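# Chain and residue survey
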Amino acid sequence: MEALITVLPGDGIGPEVAAAGRAVLERIAERHGHRFKFSEQLIGGAAIDAIGEPLPDGTVASCKDSNAVLLGAVGGPKWSDPNAPVRPEQGLLGLRSVLGVFANLRPVTVYPELAAASPIRAEILEGVDIVVVRELTGGIYFGEKSRDEFSASDICKYHTHEIERIVRVAAQLASGRRGKVCSVDKANVLETSRLWREVTDRLMAAEFPGIELETLLVDAAAMHLLSRPADFDVMVTENMFGDILTDEASMLAGSLGMLPSASLGETRRGLFEPIHGSAPDIAGKGIANPCGTIASVAMLLRHSFGLAEEADAVEQAIARVIADGCRTADIATADGQTLSTSEMTAAIIGKLG
Ligand code: IPM
Ligand code: MN
């Protein structure tokens with residue numbers, strides 16, 4: 001197939017991991033006879049430095065013209081001044097919004113060989129295979145904000161249709177997996193959560209009677225995620241809860257650097273990015289873990305291009321290098337050798353043949 005991919009390296013380790021993802025796409029194209037064209041564009045702090053805004057029009061236009069978007073990360077201390085008129089994160093949030101990618105799929109895959117890298121006991125990690133479906137374009141992230149000298153507010157608002165469409169994504173996903181959905185909310189306190197629960201209960205009963213529905217309050221869910229992670233199949237939740245729970249869930253996998261994500265909307269064009277941030281502390285050192293980005297490339301191939309075989313090949317390549325003992329610093333064992341970002345990427349590409 002022929003496809004256009006916009007690559008948004010962004011800030012911090014973003015350019016390093018985005019380059020790794022692009023290299024994997026190039027190899028896949030070569031091995032499987034596809035023509036992928038790339039357009040690198042500015043976003044985040046890099047865009048602020050270059051043109052004064054975090055989401056240039058040219059970036060939006062390129063993304064809209066593309067079949068898929070691959071993003072590294074945005075943000076960093078350089079742009080964190082609370083009084084700054086613009087922030088790098090606005091670029092990412094704005095992009096999610098203009099692309100309409102409301103469904104953020106965050107799979108939590110636990111490779112048995114990485115059990116030692118997790119702070120959780122190995123027997124608790126056995127059989128863990130979760131997809132967190134995070135609502136991505138609504139809630140407190142996008143509600144009206146206000147600020148005066150002594151007070152500030154962020155409005156959290158959800159509309160029924162926003163809840164329905166994300167719960168449908170979760171339930172459809174679960175029907176191809178173990179048939180279980182866990183909806184996470186804070187219905188004992190928040191009005192938006194009471195609506196979330198009402199809509200979820202109604203929709204699941206009407207449209208997905210065969211799917212098992214569990215409901216947890218977010219504080220309890222944070223605890224159950226560590227005490228019985230193997231019980232969960234698909235978890236669905238609102239924007240901010242999903243952000244927080246997936247950073248927590250990454251510790252099951254051993255490192256924040258392992259987790260990929262796919263942000264999907266009504267069309268096939270998706271936005272694919274690792275769940276980690278720009279990690280300014282290790283930026284430029286060439287030691288970032290590229291696995292989250294490379295696994296995001298697998299999701300890109302599957303969801304935006306329908307290339308299941310190629311997606312499987314990438315996922316298997318990651319699993320095989322992990323099984324071989326290849327480790328970046330974040331998942332290294334005390335006695336083992338540590339690979340750089342480009343060495344890890346080369347090892348994964350090597351498994352693609
Ligand atoms: C993520 C990140 C972003 C978010 C930030 C960078 C805006 O933490 O993708 O999880 O909060 O969604
Ligand atoms: Mn996050």
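Residues numbered from 1 in each chain as written. Chains lettered and ligands numbered in written order. Predicted model: local features only at pLDDT ≥ 70, side-chain atom pairs only at ≥ 80, totals over all residues. Heavy atoms only, no water.

## As for the sheet that holds strand 8 (residues 180-185)
- Read across the sheet, ten strands follow the order 2-1-3-12-11-4-5-10-8-9 without closing on themselves; strand pairing throughout is mixed. Of all strands in the sheet, those with a lone pairing partner are strand 2 (35-40) and strand 9 (212-217), marking the two edges. Averaged over all adjacent pairs, the angle separating strand axes in this sheet is 25°, with direction ignored.
- Of the pairings in the sheet, the one linking strand 3 (residues 68-73) to strand 12 (residues 270-272) comprises three bridges and is parallel in character. The partner of A68 across the bridge, within strand 12, is G270.
- Contacts from helix 1 (residues 14-32) reach strand 1 (2-10), strand 2 and strand 3, with the element oriented near 145° to strand 3.
- Against the sheet, helix 3 (residues 57-65) touches strand 1, strand 2 and strand 3, its axis set at about 145° to strand 1. (Pairing = 2+ DSSP bridges. Helix = DSSP H or I, 4+ residues; strand = E, 2+ residues; numbered from the N terminus. Axes fitted to C-alpha atoms, helices over the stretch in contact; angles between N-to-C directions. Contact = heavy atoms within 4.5 Å.)

## Details of the environment of T137
- Here T137 lies in the loop between strand 5 (129-135) and strand 6 (145-147).
- A sequence separation of 79 residues divides T137 from G58, and the C-alpha atoms of the two residues are 21 Å apart.
- Once residues within four sequence positions are removed from consideration, T137 is found in contact with R96, S97, V101, F102, F142, E162, R165 and N239.

## Notes on the pattern of salt bridges
- Tallying each qualifying case throughout the model produces 21 salt bridges.
- Measuring nitrogen to oxygen at the nearest pair gives 2.7 Å for the salt bridge that ties E207 to R168. A residue pair is termed long-range when its members are at least 10 positions apart, and E207 in helix 7 (residues 191-207) and R168 in helix 6 (residues 160-175) qualify at 39 residues.
- For the salt bridge of D312 with R302, the shortest nitrogen-to-oxygen distance reads 2.9 Å. Residue D312 is located in helix 11 (residues 308-324), and its partner R302 is located in helix 10 (residues 291-303); the two are separated by ten residues in the primary sequence.
- For R302, a relative accessible area of 28% corresponds to the partly exposed category.
- Taken together, the shared-partner salt bridges in this structure form one network comprising R22, E26 and E40. (Salt bridge = Lys/Arg side-chain N within 4 Å of Asp/Glu carboxyl O. Buried < 20%, exposed > 50% of the residue type's maximum accessible area, 1.4 Å probe, protein only.)

## Some details on the side chain of E238
- When you line up the elements, E238 lands in the loop between strand 10 (234-237) and helix 9 (239-253).
- The buried charged residue E238 lacks any salt bridge partner; its closest oppositely charged side chain belongs to R134, at an N-O distance of 7.6 Å.
- A polar atom in the side chain of E238 sits 2.7 Å from the backbone nitrogen of F241.
- Apart from residues no more than four positions distant in its own chain, E238 is found in contact with R134, E135, C156, Y158, V184 and W196. (Lys, Arg positive; Asp, Glu negative; His and termini not counted. Polar contact = N/O pair within 3.5 Å; in protein donor to acceptor, adjacent residues only side chain to side chain.)

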